[in-house]
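Observations on the model geometry
Listed below are the residues making up each chain.
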Amino acid sequence: MKKKRKSGEVFAAAGSIKKRKKCDQTPEPPSLAQLLKKQRGVAADTPAPPIWKDKLGRAFLTPDEDRKAFDECLKTSYKGFYFDAPSSLPQSLHRTFDDCFEGLEEGGLFLYDVVQPGKKKLTLTSVTRTLVGDPGSTYKYLGLRLFSHPWYDIDADGNALHLDKAAQVGSSLEKLGYSSRTTVALIAMGCLNKQLTDRSTQKLRQYVSVKPVGSAEFNLTLVNKMESVSRKRDLKKEASYNMGKASVGWHRDSGLKDFSTIAVYQKSTNESPPNTTQQFRVALRAMDGGAGGPLSSVPALLVALPSGSLYFMLDEFNHNHEHAVIAGDDGVRYSSTHRVAREGQGTWQYIRDKIQNLQSSATMFDWSVGKVNDPTLSPKKRKQKLVSRLRNQEALLSEIEFEWLRQWFVQGHKHAQLHPYWHDPIRVLMKSFCELEQSTVQIIKLLREASTKRGRTDSEDLCETLFDVLIESFTERINKRNEWARRYKDPIFRDLAENERPFACPCLYRDEEKRSTDFLPTDLESSIIDLRESRAAFVGSNEQNEERVDAQDDKAKMKTDKKKKKKSSLTRREEKKVASNWNALKSKIHRC
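Notes on the structure in this doc start here. Predicted, not measured: the structure shown is a model, and the values here were computed from it.

Analysis parameters
- Residues numbered from 1 in each chain as written.
- Predicted model: local features only at pLDDT ≥ 70, side-chain atom pairs only at ≥ 80, totals over all residues.
- Heavy atoms only, no water.
- Buried < 20%, exposed > 50% of the residue type's maximum accessible area, 1.4 Å probe, protein only.
- Helix = DSSP H or I, 4+ residues; strand = E, 2+ residues; numbered from the N terminus.
- Pairing = 2+ DSSP bridges.
- Salt bridge = Lys/Arg side-chain N within 4 Å of Asp/Glu carboxyl O.
- Axes fitted to C-alpha atoms, helices over the stretch in contact; angles between N-to-C directions.
- Left-handed = near helix turned anticlockwise from the far one by under 90°.
- Contact = heavy atoms within 4.5 Å.
- Nonpolar A, V, L, I, M, F, W, Y, C, P; charged D, E, K, R; others polar.
- Polar contact = N/O pair within 3.5 Å; in protein donor to acceptor, adjacent residues only side chain to side chain.

A few words on the pairing of strand β15 (residues 281-286). Extensive coverage of β15 is indicated by the burial of six of its six residues. Burial of β15 is two-sided: the residues Arg 281, Ala 283 and Arg 285 facing one way and the residues Val 282, Leu 284 and Ala 286 facing the other way are all buried. Pairing of β15 with strand β18 (residues 321-326) involves six bridges; the strand directions are antiparallel. In the sheet register, Ala 286 faces β18, and the bridge partner there is His 321. With three bridges connecting them, β15 and strand β16 (residues 300-303) associate as antiparallel partners. By the bridge assignment, Leu 284 is partnered in β16 with Leu 301.

All right, on to the pattern of salt bridges then. Taken as a whole and judged by the stated rule, the model has 29 salt bridges. Connected through shared salt-bridge partners, Arg 40, Asp 315 and Glu 316 make up one network.

Time to look at the packing of helix α8 (residues 379-409) against helix α10 (residues 423-452). With their axes 10 Å apart at the nearest point, α8 and α10 run at an angle of 145 degrees to one another. As for the relative orientation of α8 and α10, their crossing is left-handed in sense. Contact residues: α8 offers Leu 390, Gln 393, Glu 394, Leu 396, Leu 397, Ile 400, Glu 401, Trp 404, Leu 405, Trp 408 and Phe 409, while α10 offers His 423, Ile 426, Leu 429, Met 430, Ser 432, Phe 433, Leu 436, Glu 437, Ser 439, Thr 440 and Ile 443. In terms of residue class, the contact of α8 with α10 is built from 14 nonpolar, five polar and three charged.

Glancing now at the sheet that holds β18. The strand order β1-β16-β15-β18-β13-β12 describes an open sheet built from six strands, whose pairing is mixed. Single-partner strands in this sheet number two, and they are β1 (60-61) and β12 (236-237). Sheet analysis places β12 next to strand β13 (residues 245-251), joined by two bridges and oriented antiparallel. Paired with Lys 236 across the bridge in β13 is Ala 246.

Our next topic: the environment of Asp 424. Mapped onto the elements, Asp 424 comes out in helix α10. Placed 267 residues apart in sequence, Asp 424 and Asp 157 show a C-alpha to C-alpha distance of 9.2 Å. Within the structure, Asp 424 has its side chain in polar contact with the side chain of Arg 427 (distance 2.3 Å).

Take it as geometry only, folks, not as evidence of what the structure does.
In structure tokens, the structure reads:
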């Protein structure tokens, strides 16, 4: 006869099954970025390259002047820089790149950029450029966000769409407004990118032995058009080594994944007979590690690569080397620089999903009364949830304004017209900004009402930290808006055509007389003053409910209340700062 199992045994068996299932689940393997960080560190940790010293003490070397010294220095201190001669590349690749450059040129996609090196004075780039890449990708450099043209077809949400029928390829880009010639160029650039990815991967296998090796899965290309000295008279001299006038100064490429490879195809169009003028040249210099300056003990290199060359900066080369482009005497140089950009916070898909995630969690919060709709949470957890939600909302508002909308509108009408892919995303971002701002106004009204009810609110979830989040967020927003105001006033924009100057974003510049009370004022100072007064009243009313004040004469009580009100208007962070300053002052007095 079968023995009946006790109920306790059933539960124990079920628990052991659950435990076993949990143990059987294999953890996800670490990503390449995680492996690289764990085993090789980050870009700033990269050591300096091996040192090759020139016995003659020359500042830079060229292959024409001393081939042997140049090759020795290249192999020792510039390992990771390799190039394929035009003859080693298929003719189809050259033809396709030629067609791409012509198509992008015909579409008028090459523009000058107004950048802000070191967050200082604005400057106009010496080259025109355009960004092509995965749909929704951007690339931020020197304070400016570049918005890409897609090299794939797209679906209704702006995601990549790979069409099977050749006749349909590019149809979605033409619907956006790209000309058929420009569409062909963009799609062809995506195909070329795959070829360069394959070639770069082969180079990594051939020349890089350290493991794990960085990525060569390029997701965008920055296409540059550089004019020669005869065409562009205002080029600045390369001052460090006196190499000539520079089209692009010394730099490391920024905004890329650590240890990622860069592949560059270049084409030069010289109008003079061969060997009669100086060509465009690539300059390289070794750096003292990922965060160090130039290595003075290693000579720089200057090499004139023929038109149609493809060169690579493999793995960690971009970490501990800088490069520049020295202008030629004649003609134009096009270069397509294929990169592995960091995707984290720089894609349309990222910011779109972030907005949708915040909106989808809205049902958990009832801002009409300031409650969290989750009775299972403790009062403390509900307050924390409410504060966290408000903090995320305000951070998203600032991110949309400063990382997306202002970056778009500062580049002018011409830029906007040339980037039809981004028209819908920008409209969505403006709509989302307005909705989030309306939510913020509703929260401010709720807090103001709570502060006038002497602590008798309809919600136990409200707390003074909500005031702090708003005050701190508004203060930070004011500072950033002041920075942008100074940027707009820079005289550099006066020299640009009218359609290349910044234009107003409708949801950021509203007529204050006609502005609906559903939106925040442009100047947030008045809102901060109101929030401080409401905070003081809210804290004061709660203290009256919680404490029993002892009798004291009216004059002393008024003085005490005034001090409490002033203190209650400060955020907790400000209170700590005041206390810290007072303690430092007392310590200084004590030492004296």
